Amino acid sequence: FPLSQGSLQACCSLRELDAFGRAREVKVDPDKALEGARLAALQARKTLLVPTPRLRTGLFNRIVPPPGATKEVLRKCATSQGVREYSMPVGLDGKAQVDLVIVGSVAVSEKGWRIGKGEGYADMEYAMMVSMGAVQEDTPVVTIVHDCQVLDIAEELLDDHDLTVDYILTPTRTIKTNCKRPKPQGIMWHKANTILPDSEMLGKIPILKTLRCREKQAGKDVTLQDEHPALANTSRAALPNKKVMAANTQPRAAPGSAAPVGQPHVGSDPVNPRLEASDTISTVYVGNLPASLRVSELKSALRELQVIPVRLNWQGAQHRAFLEYRDTGAAHRALCSLQGMSLGGNTLRVELAKSQRNKG
């Protein structure tokens with residue numbers, strides 16, 4: 001839920017939680033709605049760990065408040081910009097000992113059963129922390145939500161790799177779930193493609209590839225689902241529906257920026273000179289854009305996903321945009337990354353454009 005008075009009240013409840021008081025190192029998701037939780041950790045002079053967006057550039061960023069930091073500096077450290085400016089990367093060899101895990105949720109039950117955005121990153125981050133010894137079986141997991149997000153969840157919606165929570169904080173309640181369902185005990189490689197197809201997952205998440213190599217050398221079974229003939233075609237069809245359902249349930253927070261994107265060209269604007277040396281341009285159509293969405297928000301999402309086009313044709317009045325890529329491979333990567341994504345509460349419609357431009 002957005003950073004509102006209710007969100008701040010829930011974060012005040014975090015300060016009163018014994019598990020928070022005892023913690024020295026706290027992991028908090030990078031969601032905008034959890035900015036108050038990151039600030040609370042920094043104000044309490046705790047070490048803050050924030051996962052890198054979609055695990056593309058590593059596992060965590062560690063933020064240690066600068067000595068004598070003012071309130072203004074701490075507030076900046078809690079933002080996505082501050083995380084980039086004041087953090088140090090933490091990889092699989094990092095000496096992290098997480099005492100408290102704070103995650104966002106789309107919905108959560110009083111039994112501690114949690115539904116995320118449908119992409120599985122929080123579950124995978126926790127499993128990777130288990131693999132690197134950063135969390136223990138008794139490490140508390142907290143989620144901060146609005147009261148309306150506390151719902152009854154059918155147990156059949158959960159899988160073995162899904163993360164459960166021990167505490168639920170809302171603007172009006174602190175719920176101790178006493179959840180007995182086991183948390184993930186490491187990466188379940190035969191189910192790891194809940195985020196991406198196996199063929200792309202290891203390429204887009206290099207740290208996951210490194211972890212797989214290490215576990216393979218240690219003698220663990222790291223066979224992916226696509227490598228299991230008996231599993232290759234099972235439960236794959238159900239995944240997009242779950243992902244779209246979760247994306248439609250909660251608007252996506254605006255992602256942080258990374259590298260600059262070229263200015264959009266609309267309508268009959270001249271061809272971008274950078275494209276003149278390219279033989280083939282592949283175009284991706286993005287539809288069902290909400291009327292309130294700004295081109296800067298779409299560009300920020302493309303930066304986070306690392307699928308920056310060489311040219312963006314923005315047609316906001318028609319609720320659509322066209323992304324031009326130098327080759328079909330880049331276009332297909334963008335397709336895979338954007339499928340099922342939600343912006344401003346709308347699930348995007350993404351497909352290859354009917355016509356492809358050729359440039360001499």
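Residues numbered from 1 in each chain as written. Predicted model: local features only at pLDDT ≥ 70, side-chain atom pairs only at ≥ 80, totals over all residues. Heavy atoms only, no water.

Q: What am I meant to see in the pairing of strand E2 (residues 47-51) here?
A: Regular strands have side chains that alternate between both faces of the sheet. With 5 of 5 residues buried, E2 lies mostly within the body of the structure. Side chains Thr 47, Leu 49 and Pro 51 of E2 all project onto a buried face; the interleaved residues Leu 48 and Val 50 project onto the opposite face, where all are buried too. The pairing of strand E1 (residues 25-28) with E2 spans 3 bridges and is parallel. Paired with Val 26 across the strands is Leu 48, a residue of E2. Crossover E1 to E2 through helix H3 (residues 35-43) is right-handed. Examined bridge by bridge, E2 and strand E3 (residues 60-63) share 4 bridges and lie antiparallel to one another. (Buried < 20%, exposed > 50% of the residue type's maximum accessible area, 1.4 Å probe, protein only. Helix = DSSP H or I, 4+ residues; strand = E, 2+ residues; numbered from the N terminus. Pairing = 2+ DSSP bridges. Right-handed = clockwise from strand over helix to strand, strands pointing away.)

Q: Could you clarify how one ought to interpret the pattern of salt bridges in this entry?
A: Opposite charge on two side chains makes pairing possible when the charged atoms of those side chains draw close. Overall, the coordinates contain 11 salt bridges when judged by the stated rule. For Arg 349, the salt bridge goes to Glu 351, with nearest N and O atoms at 3.4 Å. A relative accessible area of 47% places Arg 349 in the partly exposed class. Its relative accessible area of 30% is what places Glu 351 among the partly exposed residues. By sharing partners, the salt bridges in this structure join Lys 27, Asp 29 and Glu 125 into a single network. (Salt bridge = Lys/Arg side-chain N within 4 Å of Asp/Glu carboxyl O.)

Q: Sorry, what's going on with the packing of helix H6 (residues 121-131) against helix H8 (residues 206-217) here?
A: Between two packed helices, the angle of one axis relative to the other and the distance separating the axes together describe the packing. The N-to-C vectors of H6 and H8 enclose an angle of 40 degrees; their axes lie 12 Å apart at closest approach. As summarised for this structure, H6 and H8 are arranged oblique, according to the angle between their axes. At the point where H6 passes H8, the crossing takes the left-handed sense. Residue-level contacts link Met 124, Met 128 and Ser 131 of H6 to Ile 207, Leu 208, Leu 211 and Glu 215 of H8. Its residues placed into classes, the contact of H6 with H8 shows 5 nonpolar, 1 polar and 1 charged. (Axes fitted to C-alpha atoms, helices over the stretch in contact; angles between N-to-C directions. Parallel < 35°, antiparallel > 145°, perpendicular 65-115°, else oblique. Left-handed = near helix turned anticlockwise from the far one by under 90°. Contact = heavy atoms within 4.5 Å. Nonpolar A, V, L, I, M, F, W, Y, C, P; charged D, E, K, R; others polar.)

Q: What is the right way to read the packing of aromatic side chains from this model?
A: Here a ring pair, both rings aromatic, is described through the centre-centre distance and the interplanar angle of the planes. With the rule as written, the count across this model stands at 1 aromatic pair. Judged by centre distance (5.6 Å) and plane angle (55 degrees), the rings of Tyr 285 and Phe 322 are tilted. Of the two residues, Tyr 285 is situated in strand E11 (residues 280-287) and Phe 322 in strand E13 (residues 320-325); the sequence distance between them amounts to 37 residues. Given the relative accessible area of 17%, Tyr 285 is considered buried. Judged by its relative accessible area of 19%, Phe 322 falls in the buried class. Here the basic side chain of Lys 46 rests over the ring of Phe 20, its NZ or CZ set 4.9 Å away from the ring centre. (Phe/Tyr/Trp six-rings, centres within 6.5 Å; stacked < 30°, edge-to-face > 60°. Lys NZ or Arg CZ within 6 Å of the ring centre and 35° of its normal.)

Q: Hey, could you run me through the environment of Trp 189 in this one?
A: Relative to the helices and strands, Trp 189 is located in the loop between strand E10 (174-176) and helix H7 (198-204). The buried category is assigned to Trp 189, whose relative accessible area is 3%. Considering only alpha carbons, one finds Trp 189 and Arg 212, 23 residues apart in sequence, at a separation of 8.3 Å.

Q: Would you mind showing me how to read the sheet that holds E2 here?
A: Working definition: the strands of a sheet are paired by backbone hydrogen bonds and lie parallel or antiparallel to each other. The strand order across the open sheet formed by 8 strands is E4-E3-E2-E1-E5-E8-E9-E10, and the pairing between neighbours is mixed. Because the sheet does not close on itself, it has two edges, and the strands there are strand E4 (87-90) and E10. Between one strand axis and the next, the sheet turns by 25 degrees as a mean value, whatever way the strands run. As paired strands, strand E5 (residues 100-103) and strand E8 (residues 141-144) are joined by 3 bridges and run parallel to one another. Among the inter-strand pairings, Val 103 is bridged to a residue of E8, identified as Thr 143. H3 rests against E1, E2, E3, E5 and E8 of the sheet, and its axis sits at about 155 degrees to E2.

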